[in-house]
Amino acid sequence: PHDAHKGLVAVASYLHQPGDEDTPQSRVGQLYLYDLRPSGARGDDGDADAVTDARTGWSFARVAPPLETRAIFELAWAPASWLAAAGPALAQADAGGFLTLYRVHEGEGAASDMSSPCSVEKLASLQCGGGGLGMATCAAWGSDCATPAGSRLAVVGADGGLRVVSVAETGDLR
C-alpha cells in the first residue's frame, strides 16, 4: 500500500451460496494478506510457503491467516498518513452493507497462531448499505486525509446512494 509496505497485497473473496427451501442464501468472504516480491527478494528460496511464478519472476507468500468476513466487494488501503506505528489500515465494503476498518499489525508473532508475520485487527464496523439489497459495494478514502484526524471514507450502496463516513484517529466510524 505504501513505500514501507510495498509488497503487502490484500486479496478479497466473495462466495454466493444459493439457498433452498431449508437453507437461506448467504454471501461469505475471506480477506487474505500476501507478500508479493520479485523472486528471491525476501530470501524465500527455501520458504515452503512462497510460490514463485517462473514466467513473471515474482513470488508471493501468505503473511496472515485468512480472515472470515461477509462477502467483500472492495478493499481500499488507507492513505500513508494512516501508517501509524501499529501498521497500515484497510477499509472493506461488503455484501452485508457494512464498511469495516482493519489495522494490519506486522512483526514477530503478530498473528494469534504465532507462525504468521502479520495479523489483522478489526477496528470498527458501520452498517451503511442502502435500500434494496442493502449492500455496500464501493469504498474510497477522501483525498483530504493528510492526517488521520478528520479522515473520511466514501461508501456507495447497491441503491446507488453515496454515504460519507467520518473516521476518528482511533478508527471509529461515524
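Placed above this text is the structure.
Residues numbered from 1 in each chain as written. Predicted model: local features only at pLDDT ≥ 70, side-chain atom pairs only at ≥ 80, totals over all residues. Heavy atoms only, no water.

Visitor: Residues and numbers for the sheet that holds strand β12 (residues 151–157), please.
Guide: The antiparallel open sheet is built from three strands, whose spatial order is β11-β12-β13. The open sheet has two edge strands with one neighbour each: β11 (136–141) and β13 (162–167). Averaged over all pairs of adjacent strands, the angle between their axes in this sheet comes to 25°, without regard to strand direction. Across six bridges, β12 lies against β13 in antiparallel orientation. Paired with V155 across the strands is R163, a residue of β13. (Pairing = 2+ DSSP bridges. Helix = DSSP H or I, 4+ residues; strand = E, 2+ residues; numbered from the N terminus. Axes fitted to C-alpha atoms, helices over the stretch in contact; angles between N-to-C directions.)

Visitor: Talk me through the side chain of R103; I want residue IDs and the actual numbers.
Guide: Inspection of the secondary structure assignment puts R103 in strand β9 (residues 98–106). The charged side chain of R103 is buried without a salt bridge, its nearest counter-charge being E121 at 5.9 Å. Looking at R103, its side chain comes within polar contact range of the main-chain oxygen of G87, at 2.4 Å. (Buried < 20%, exposed > 50% of the residue type's maximum accessible area, 1.4 Å probe, protein only. Lys, Arg positive; Asp, Glu negative; His and termini not counted. Salt bridge = Lys/Arg side-chain N within 4 Å of Asp/Glu carboxyl O. Polar contact = N/O pair within 3.5 Å; in protein donor to acceptor, adjacent residues only side chain to side chain.)

Visitor: How would you explain the pattern of salt bridges if you had to name every residue and give the values?
Guide: Under the defined criterion, the tally for this structure stands at four salt bridges. Ionic pairing is found between D35 and R37, a salt bridge with its closest N-O pair at 2.7 Å. For D35, a relative accessible area of 11% translates into the label buried. Using a relative accessible area of 33% as the deciding quantity, one classes R37 as partly exposed. Salt-bridge contacts for D53 lead to R55; the nearest nitrogen and oxygen are separated by 3.1 Å.

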